[in-house]
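# Structural overview
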Amino acid sequence: MLQRDYTTSQLDVLEAEAIHIMREVAAEFERPCLLFSGGKDSIVMLRVAEKAFWPAPIPFPLMHVDTGHNFPEVIEFRDRRVAELGVRLVVASVQASIDTGRVVEQTGRRASRNRLQTTTLLDGIEDNRFDAVFGGGRRDEEKARAKERVFSFRDEFGQWDPKNQRPELWNLYNTRIRTGEHIRVFPLSNWTELDVWHYIRREGVEIPSIYYAHTRKVFERDGMLLADATVVQRGDDEPVFEAMVRYRTVGDMTCTGAVESTATTVDQIIDEIAATRITERGATRADDRASEAAMEDRKKEGYF
Amino acid sequence: MDILRFATAGSVDDGKSTLIGRLLFDSKAIFEDQLEAVERTSRDRGTEYTDLSLLTDGLRAEREQGITIDVAYRYFATPRRKFIIADTPGHIQYTRNMVTGASTADLAIILIDARKGVLEQSRRHAFLATLLRVPHLVLAVNKMDLVDYSEERFEEIREEFTAFASKLNATDLTFVPISALHGDNVVARSENMPWYGGSSLLHHLENVHIASDRNLVDVRFPVQYVIRPHSATSQELHDYRGYAGQVAGGVLKAGDEVMHLPSGLTTTIKAIDTFEGRVEEAFSPMSVTLRLDDDIDISRGDMICRPNNQPKAAQEIEAMICWMADGLKLQPRTKLVIKHTTRTARALVRDLHYRLDVNTLHRDETATSLGLNEIGRVSLRTTQPLFVDEYARNRLTGGFILIDEATNGTVGAGMIIDSH
Ligand SMILES: Nc1nc2c(ncn2[C@@H]2O[C@H](COP(=O)(O)OP(=O)(O)O)[C@@H](O)[C@H]2O)c(=O)[nH]1
């Protein structure tokens, strides 16, 4: 008789690990929440959460840090998904942070609310007394992330101290914190961009339409294609043209670029990604281009 | 496609970063923008060639000092396997980082500089990998180009290391002569070493058999979370009570007789649930939800096993401990929090039997404490019984972490040798 060798596919292993992480949080923290941007990583996280607690509902709310500069397609998608799952959504608004004077809006053509989000995020965590916050970050995204723990400790100022991280062994996570501190939890730490797409295909989960190739009015800046929209300040020397594009990440419209593409199905997207030679952040995120250590600096301050 | 997790260890300048850079580069896991950034930095520093090692030096402080000082995780895939690399620094002052990286590794690559041969640190790396029970070891003898691709030199190193490894009960040991810089025997077999009959390093990583490294014999299901939907609308869901967790050992099947610990009560598995529906069986590392035939009071931290194959319910634990704290020392009477599977208790250090010199394996029985990065054999007493196996038998039910209640830091990692 043939001996079974009990192999498990890569997606099953990654999913089982993410489910374990989510249950660990639900069991050991009082007030967890899941950051949901409507982007593909948070969609995958939400899917895993749905599975981890089934047939019970997801036992924590979602939080969206709304820059006010979102793609309308993504907000529409977010609201529909939240209604389907019957979960509570907390919206932390960057506009509200500006209106109450917590942050000052940048001005000029390259003004972006990207960095302001950190304050709004930390205020949202504090106001709701969240003690564990799920983020969709992956270690393959960026150098500074490669060393971040799955359970990443934040002090009472929301700061990350990369030199003083808790060792993480086996599947044992240290969840202890004092009041006012919190843990950022990254259940997708070990996933790559391709794993995320393979999972989306396997699960057949819906994603916002802007991930698929579509015709859009865009203009070029620093080699990136930005959407022509009222919230994006464009100069006269930046002519608008129509192009067939899709987005690899969904963020703030002012700093998230599109890539030219004809991929209109998940299969085609996977083929395209497998062939591309530029990381999703390098291709489409002006925020990460600022300097080689841009992400590390923002993360220390408390960014996602 | 499955996943292989491996750790890399080497002393400074043995070529670890170059090797990882090459594996990532040749498997196309490096993107153009990452490569450009590295090329730019190499130029700025006046390096003539593109320093692939820069790809893996993550944080700014490390970039500035030019050394790797924490575990960093890297990813690449070939059509056969997905790989997760735990890139760990090699200095003795980073023993805790190597221990961390090795804890989840299926395989460890130990780099040796062919010119220098087996050094004290190579022995230390091999010892730590076997202490953490990494099932497969690969000795990558690097910089073969600098010893004229000499078979004799390679054999010398192989013999010396084999003699040492026999003292460690290393299970599976493979030697590969490589040049990380030039790519010899990394991805493809090298024409410079026709005398070498084995496979290239990547070929070995793609094919090493790991499925049977898991414990598929002793059923261990640490209860992680109790799922109770409390549905008001659906009668079936109203009474639903499922025990969620990740299988830590053995194969569970619907209909199996099982025992609950600590109660010792037995019942049968009614169903194994997943979001997709019921499954017939569950094994490590699956995350599933069990429903049982009888109403037993079960909560997080409890263990489900088989009546004729139980872990020990122990409060006296003998373990090898790697101490990871900067300030605090481990010594008799130290009180700590212990986290083992899904159970958390308090632990008191009763005795430190010896401190191990990780370079010479000498046991210092006069030692009175363990400091940062030191390893020793310790007796602990816990406030509650833990359901344990020997670490050698099951890494998931034999490993634990220690937490300092004052700082909440993770201060130690333990591997159970014996218990009662
Ligand atoms: N000749 C030769 N030099 C190598 C080889 N592998 C690495 N090096 C060089 O050895 C030095 C140290 O390598 P690096 O990868 O930074 O070592 P690490 O400290 O172990 O990460 C660098 O100058 C490399 O170019 C090799 O196979 N042959």
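If you check an unreviewed UniProt entry, chain B appears there as sulfate adenylyltransferase from Sphaerimonospora thailandensis.

The name given to chain A in an unreviewed UniProt entry is Sulfate adenylyltransferase subunit 2, and the organism recorded there is Sphaerimonospora thailandensis. The record held by UniProt for chain A lists under Sequence similarities (unreviewed entry) the comment "Belongs to the PAPS reductase family. CysD subfamily."

### Looking at the packing of helix α1 (residues 10-28) of chain A against helix α6 (residues 193-203) of chain A
All names here are of chain A. Remark: α1 packs on α6, axes separated minimally by 11 Å, with the N-to-C direction vectors making an angle of 95°. One way to sum up the angle between α1 and α6 is to call them roughly perpendicular. Judged by residue contacts, Gln10, Leu11, Asp12, Leu14 and Glu15 of α1 engage Asp195, His198, Tyr199, Arg202 and Glu203 from α6.

### Concerning the domain arrangement of chain B
Residues and elements named next belong to chain B. Examined at the domain level, chain B breaks down into domain 1 (3-212), domain 2 (221-305) and domain 3 (312-419). Computed from C-alpha coordinates alone, the two centres of domain 2 and domain 3 are separated by 30 Å. On the side of domain 3, eight residues touch domain 2, which itself brings 13 residues to the contact. By the criterion of area lost to domain 3, the three top residues of domain 2 are Ala248, Gly301 and Met303, representing 49% of everything that side buries. Linking domain 2 with domain 3 are one salt bridge. At the junction of domain 2 with domain 3, the criterion picks out five residue pairs in polar contact (both at pLDDT 80 or more). By residue class, the composition of the side of domain 2 that touches domain 3 is seven nonpolar, four polar and two charged.

### Describing the sheet that holds strand β4 (residues 107-113) of chain B
Residue and element names in this part refer to chain B. Spatially, β2-β3-β1-β4-β5-β6 is the arrangement adopted by the six strands of the open sheet, whose pairing is mixed. Edge strands, defined here as strands with exactly one partner in the open sheet, are β2 (72-77) and β6 (172-177). Mean inter-strand twist for the sheet, computed between neighbouring axes without regard to direction, equals 25°. For strand β1 (residues 2-9) and strand β3 (residues 81-87), the ladder comprises seven bridges, and the chain directions are parallel. Bridge pairing in β3 places Phe6 opposite Ile85. On the sheet, helix α1 (residues 16-26) packs against β1, β2, β3 and β4 and is oriented at approximately 35° with respect to β2. Here helix α6 (residues 151-165) sits on the sheet and contacts β4, β5 (136-142) and β6; the angle it forms with β6, its principal contact strand, is near 160°.

### Let's talk about empty space enclosed by the protein
With the rule as written, the count across this model stands at four cavities of 30 Å³ or more. The space that makes up the second largest cavity amounts to roughly 100 Å³. Taken together, His20, Glu24, Asn171 and Leu172 of chain A together with Pro222, Gln224, Gly245, Gln246, Ala248, Thr341, Thr342 and Leu396 of chain B make up the full set of residues lining the second largest cavity. At the level of elements, α1 of chain A together with β9 (242-246) of chain B are the ones that each hand at least two residues to the lining of the second largest cavity. A breakdown of the residues in the lining of the second largest cavity according to their chemical character gives four nonpolar, seven polar and one charged.

### Looking at the site of the ligand
All names here are of chain B. Close to the ligand lie 17 residues, the nearest being Asp13, Lys16, Ser17, Thr18 and Asp145. Thr18 is positioned with one of its side-chain polar atoms (N or O) 2.4 Å from an oxygen atom of the ligand. Relative to its free-state accessible area of 580 Å², the ligand is covered by the protein chains to the extent of 81%. Taken together, the residues of the shell around the ligand sort by class into five nonpolar, seven polar and five charged.

### Things to note about helix α7 (residues 266-275) of chain A
Residue and element names in this part refer to chain A. All buried positions along α7 are accounted for by Val266, Ile269, Ile270 and Ile273. What you see down the axis of α7 is that its buried residues fit within an arc of 100°, all on one side. In α7, the exposed residues that point more than 90 degrees away from the buried face are Asp271 and Ala275.

### Let's talk about the interface of chain A and chain B
At the interface, 66 residues of chain A touch 85 residues of chain B. On the surface where chain A and chain B come into contact, there are eight salt bridges. Between Arg5 of chain B and Glu17 of chain A there is a salt bridge whose closest N-O contact spans 3.1 Å. Connecting chain A to chain B are 26 residue pairs in polar contact (both at pLDDT 80 or more). Counting residues per element, the ones that place at least two in the side of chain A that touches chain B are α1, α2 (40-53), α6 and α10 (294-301) of chain A. Sort the elements by how many residues they give to the side of chain A that touches chain B and α1 of chain A lands first, with twelve residues. Tallied by class, residues from the side of chain A that touches chain B come to 26 nonpolar, 15 polar and 25 charged.

### Focus: the sheet that holds strand β4 (residues 132-134) of chain A
Residue and element names in this part refer to chain A. Strand order across the open sheet formed by six strands is β3-β2-β1-β4-β6-β5, with mixed pairing between neighbours. Two strands in the sheet have a free side with no partner beyond their single neighbour: β3 (89-93) and β5 (151-154). Going across the sheet, the axis of each strand differs from the next one's by a mean of 30°, ignoring polarity. Against the sheet, α2 touches β1 (32-35), β2 (62-66) and β4, its axis set at about 140° to β1.

### Thoughts on the pairing of β2 of chain A
All names here are of chain A. Counting buried residues along β2, five of its five residues qualify, which places the element largely inside the surrounding structure. Neither face of β2 is exposed, since Leu62, His64 and Asp66 on one face and Met63 and Val65 on the opposite face are all buried. Looking at chain direction, β1 and β2 are connected through two bridges and run parallel. By the bridge assignment, Leu35 is partnered in β2 with Met63. Handedness of the crossover joining β1 and β2 through α2 is recorded here as right-handed. As paired elements, β2 and β3 share five bridges and run parallel to each other. Residue His64 lies in a different strand from β3, and its bridge partner there is Val91. Between the parallel elements β2 and β3, the chain passes through helix α3 (residues 72-85) in a crossover that is right-handed.

### Here we look at the side chain of Ser42 of chain A
Residue and element names in this part refer to chain A. Along the chain, Ser42 falls in helix α2. A polar contact of 3.2 Å, which involves the side chain of Ser42, links it to the backbone nitrogen of Ser37. Leaving out residues up to four positions away in the same chain, Ser42 has contacts with Leu35, Phe36 and Ser37.

### Topic: the side chain of Asp218 of chain B
Within the fold, Asp218 of chain B resides in the loop between α7 (201-207) and β7 (221-222). Apart from residues lying up to four places away in sequence, Asp218 of chain B is in contact with Gly249, Gly250, Asn309 and Arg393 of chain B.

### Here's the deal with the domain arrangement of chain A
All names here are of chain A. With domains assigned, chain A is organised as domain 1 (10-196 + 293-301) and domain 2 (205-287). Once you take the C-alpha centre of each, domain 1 and domain 2 turn out to be 23 Å apart. Tallying the contact residues gives 29 residues for domain 1 and 32 residues for domain 2. Interface area for domain 1 against domain 2, summed over the two sides, is near 2,700 Å², with a carbon-plus-sulfur share of 54%. In this assembly, domain 1 and domain 2 are joined by three salt bridges.

### Things to note about the confidence of the model for chain B
The predicted model of chain B has a mean per-residue pLDDT of 90, with 91% of residues at 70 or higher. Two summary scores accompany this predicted model of the complex, namely pTM at 0.92 and ipTM at 0.93.

The rules behind the values
- Residues numbered from 1 in each chain as written.
- Chains lettered and ligands numbered in written order.
- Predicted model: local features only at pLDDT ≥ 70, side-chain atom pairs only at ≥ 80, totals over all residues.
- Heavy atoms only, no water.
- UniProt positions renumbered as here; feature names shortened; annotations may be inferred.
- Axes fitted to C-alpha atoms, helices over the stretch in contact; angles between N-to-C directions.
- Helix = DSSP H or I, 4+ residues; strand = E, 2+ residues; numbered from the N terminus.
- Parallel < 35°, antiparallel > 145°, perpendicular 65-115°, else oblique.
- Contact = heavy atoms within 4.5 Å.
- Domains from an automatic or database assignment.
- Buried area = accessible area lost by both parts, 1.4 Å probe.
- Salt bridge = Lys/Arg side-chain N within 4 Å of Asp/Glu carboxyl O.
- Polar contact = N/O pair within 3.5 Å; in protein donor to acceptor, adjacent residues only side chain to side chain.
- Nonpolar A, V, L, I, M, F, W, Y, C, P; charged D, E, K, R; others polar.
- Pairing = 2+ DSSP bridges.
- 1 Å grid on protein atoms, 1.4 Å probe; cavity = no way out; pocket = protein on both sides within 12 Å on 5 of 7 lines; lining within 4 Å.
- Points joined across faces, edges and corners; volume = space filled by probe spheres on them.
- Near = heavy atom within 4 Å.
- Areas by Shrake-Rupley, 256 points an atom, 1.4 Å probe, with all protein chains shown as cover.
- Buried < 20%, exposed > 50% of the residue type's maximum accessible area, 1.4 Å probe, protein only.
- Arc of directions from axis to C-beta.
- Right-handed = clockwise from strand over helix to strand, strands pointing away.
- pLDDT = per-residue confidence, 0-100.

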